[in-house]
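Close look at the chain arrangement
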Amino acid sequence: MKELWLKYHKSFLLVLGYIVVASVVYGVWFHALFKLWYVDFLVILFIVIVGVICGYFYIRSIDAANKENNIENK
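These remarks concern the structure in this document. Only a predicted model underlies this, so the values are computations on that prediction, with no experimental measurement involved.

The subject of this paragraph is the overall build of the protein chain. For the protein chain, the count of helices and strands is three helices and zero strands. Counting helices and strands in the order they occur from the N terminus, the protein chain gives α-α-α. Computed over the C-alpha atoms, the radius of gyration of the protein chain is 17 Å, more than 25% above the 11 Å expected from 2.2 N^0.38 for a compact globule of 74 residues. Judged by the C-alpha coordinates and their principal axes, the protein chain covers about 60 × 15 × 15 Å. Scored against the burial criterion, the 74 residues of the protein chain give a buried share of 19%. Summed over all atoms, the accessible surface of the protein chain reaches about 6,200 Å², with 73% contributed by carbon and sulfur. Side-chain charges of the protein chain comprise 7 positive and 5 negative groups, with the mean position of each set lying 5 Å from the other.

Written out as structure tokens, the structure reads:
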């Protein structure tokens, strides 16, 4: 895991940034609409789960592309 972090730290931070921004924006928006804390919590939880899943596939695709390029270059 440490090697993966050192190799793709910028991608991890990009995904984390998107998750934080989306959580804040949609959390505030849903709070303004419904004014219910549990709706805000569910929306933010959903965004974090979807963001982590999308981030996993994004970083996995980058890793696969880099492995292909390394194989082709050899």
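So that's the structure; there's more coming.
Moving on to helix α3 (residues 37–73). Residues lying three or four places apart along an α-helix face the same way, a consequence of the helix completing one turn every 3.6 residues. Taking 1.5 Å per residue as the helical rise, α3 with its 37 residues ought to reach 54 Å, and the 53 Å between its terminal C-alpha atoms agrees with that figure. Where the residues of α3 are buried, they touch α1 (2–7) and α2 (9–34).

One can find Val 39 in helix α3. Accessibility expressed as a relative area gives 18% for Val 39, which makes it buried. Along the backbone, Val 39 and Ile 59 are 20 residues apart, and their C-alpha atoms lie at a distance of 30 Å. Aside from chain neighbours lying at most four places away, what touches Val 39 is Phe 30 and Phe 34.

Moving on to the pattern of salt bridges. With the rule as written, the count across this model stands at one salt bridge. As a salt-bridge pair, Asp 63 and Lys 67 come within 3.5 Å of each other at their nearest N and O atoms. Here Lys 67 and Asp 63 lie together in helix α3, a separation of four residues that amounts to about one turn.

Take the packing of α2 against α3 next. The interhelical angle for the contact between α2 and α3, taken along N-to-C directions, is 160 degrees, at an axis separation of 9 Å. Our classification of the angle between α2 and α3 gives roughly antiparallel. Judged by the twist between their axes, the crossing of α2 over α3 is right-handed. Judged by residue contacts, Ser 11, Phe 12, Leu 14, Val 15, Ile 19, Ala 22, Ser 23, Tyr 26, Gly 27, Phe 30, His 31 and Phe 34 of α2 engage Val 39, Asp 40, Val 43, Ile 44, Ile 47, Val 48, Gly 51, Val 52, Gly 55, Tyr 58, Ile 59 and Ile 62 from α3. In the contact of α2 with α3, the residues fall into 17 nonpolar, six polar and one charged.

Calculation notes
- Residues numbered from 1 in each chain as written.
- Predicted model: local features only at pLDDT ≥ 70, side-chain atom pairs only at ≥ 80, totals over all residues.
- Heavy atoms only, no water.
- Helix = DSSP H or I, 4+ residues; strand = E, 2+ residues; numbered from the N terminus.
- Rg over C-alpha atoms; globule rule 2.2 N^0.38 Å.
- Buried < 20%, exposed > 50% of the residue type's maximum accessible area, 1.4 Å probe, protein only.
- Areas by Shrake-Rupley, 256 points an atom, 1.4 Å probe, with all protein chains shown as cover.
- Lys, Arg positive; Asp, Glu negative; His and termini not counted.
- Charge placed at Lys NZ, Arg CZ, Asp CG, Glu CD.
- Expected span 1.5 Å × (residues − 1).
- Contact = heavy atoms within 4.5 Å.
- Salt bridge = Lys/Arg side-chain N within 4 Å of Asp/Glu carboxyl O.
- Axes fitted to C-alpha atoms, helices over the stretch in contact; angles between N-to-C directions.
- Parallel < 35°, antiparallel > 145°, perpendicular 65-115°, else oblique.
- Left-handed = near helix turned anticlockwise from the far one by under 90°.
- Nonpolar A, V, L, I, M, F, W, Y, C, P; charged D, E, K, R; others polar.

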